[in-house]
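Results of the structural survey
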Amino acid sequence: EVERVYGAEPKELDVMFPVNDQEAIFPQAYKYYGSSKGLKCIGNGEEAQYRNDDGSWVDKKCPCELYDQNKCQIRGHLQCILPKVSVGGVYQIDTGSFNSIQDVNSGLAYIQAMVGRFSMIPCKLKRLPRETHGSGKKETHYTLNLHLDADINSIEGLRKDSMRILTGTQYALPEPEDINPAMDDQSPVEFIDEENDVPDEVTDVTVEDFADAEMPPVEDPTPITKRTTNRLVMVMGKKGIFSQEDQIVTVGAMFNLKLKALSDLTEEQGQTAIQTISEEE
């Protein structure tokens with residue numbers, strides 16, 4: 001039914017979100033499936049639950065060696081209404097792309113700031129080219145971007161309706177269907193991009209909060225690792241710094257550097273930035 005409206009390989013979808021709860025409509029976690037169809041391990045970047053062969057679950061540090069071996073990745077499950085297809089249910093769009101997760105989080109935060117909610121707001125979910133430097137060289141990935149589909153006059157009307165929407169009946173969404181992506185051939189819309197990680201809880205912090213931080217001199221020139229880069233992005237996400245541009249400016253200001261990408265940092269700078277941002281109130 002999605003293909004009938006948008007074709008076999010859509011680059012843009014009209015979407016709406018049924019509830020104003022980001023954890024419900026876009027849950028994200030470190031996930032490892034192994035060779036099984038179901039989930040083998042799930043973590044939040046600090047702690048994880050790992051399922052043994054006998055079916056028992058044990059605690060495990062997160063991220064772990066499975067992430068370093070590219071067997072585990074951050075996955076996000078976007079649950080939305082496709083109003084031009086059907087308003088009778090919720091569709092699930094999965095992604096394992098770090099930049100897609102980052103950009104959708106940023107889009108949700110922007111819409112919340114503009115309107116006061118993101119539930120029942122007309123949006124566009126698009127695949128757009130994005131330049132990345134995660135591998136140490138410039139690459140172009142087509143990642144998910146979420147945009148508010150409204151002009152200034154429409155936004156004012158949406159704001160006036162926010163109280164009614166937010167105080168009305170709130171529906172509980174089902175848990176996302178969690179199937180090994182290598183074995184999932186049922187997804188009506190699939191977006192693929194090989195990247196990682198996730199922002200999470202939001203607090204109000206700005207770039208200026210870190211501009212005057214006293215940074216110790218850097219002595220170790222070792223380039224920043226993928227694990228530290230992703231951990232740094234997660235920490236900034238928890239402080240409400242979602243967009244890649246804001247993250248680069250934030251960390252650059254800490255060290256008085258003009259960065260092109262977080263991969264320009266050294267490992268020592270990355271670890272220092274994580275500690276500084278984590279401790280910021």
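These figures come from a predicted structure and were not determined experimentally. (Residues numbered from 1 in each chain as written. Predicted model: local features only at pLDDT ≥ 70, side-chain atom pairs only at ≥ 80, totals over all residues. Heavy atoms only, no water.)

1. What about the sheet that holds strand E2 (residues 28-32)?
Reading across from one edge, E5-E4-E3-E2-E6-E7 is the order of the six strands in this open sheet, with antiparallel pairing throughout. Either end of the sheet is taken by a strand with one partner, and the two such strands are strand E5 (57-61) and strand E7 (86-95). Neighbour-to-neighbour, the strand axes of the sheet open up by a mean angle of 30°, direction not taken into account. Sheet topology places E2 next to strand E6 (residues 73-82); four bridges connect them, and they run antiparallel. Residue pairing across strands places Tyr-30 opposite Ile-74, the latter belonging to E6. (Pairing = 2+ DSSP bridges. Helix = DSSP H or I, 4+ residues; strand = E, 2+ residues; numbered from the N terminus. Axes fitted to C-alpha atoms, helices over the stretch in contact; angles between N-to-C directions.)

2. Considering the confidence of the model for the protein
When pLDDT is averaged along the protein, the result is 82; 85% of the residues meet or exceed 70. Per-residue pLDDT stays below 50 along residues 188-215; that stretch engages in 93 contacts with residues further than four places along the chain or on separate chains. (pLDDT = per-residue confidence, 0-100. Contact = heavy atoms within 4.5 Å.)

3. Brief notes about the nonpolar core
Of all hydrophobic cores here, the largest spans 39 residues; its most connected members are Val-15, Phe-17, Leu-82, Leu-108, Ile-111, Leu-125 and Leu-146. Setting aside its immediate chain neighbours within four residues, Leu-82 contacts Val-2, Leu-13, Asp-14, Val-15 and Tyr-91. Leu-232, Val-251, Phe-255 and Leu-259 belong to the second largest nonpolar core, which has 17 residues in total. (Core = buried A, V, L, I, M, F, W, Y, C linked by side-chain atoms within 4.5 Å. Buried < 20%, exposed > 50% of the residue type's maximum accessible area, 1.4 Å probe, protein only.)

4. Observations regarding the sheet that holds strand E9 (residues 139-148)
Read from one edge to the other, the open sheet built from three strands follows the order E1-E8-E9, with strand pairing classed as antiparallel. With partners counted over all chains shown, the strands left at the sheet margins are strand E1 (12-15) and E9, one partner each. When the angles between neighbouring strand axes are averaged without regard to direction, this sheet yields 35°. Sheet topology note: the strand E8 (residues 123-132)/E9 ladder contains 10 bridges and is antiparallel. Residue pairing for E9: Glu-131 is matched across the bridge by Thr-140.

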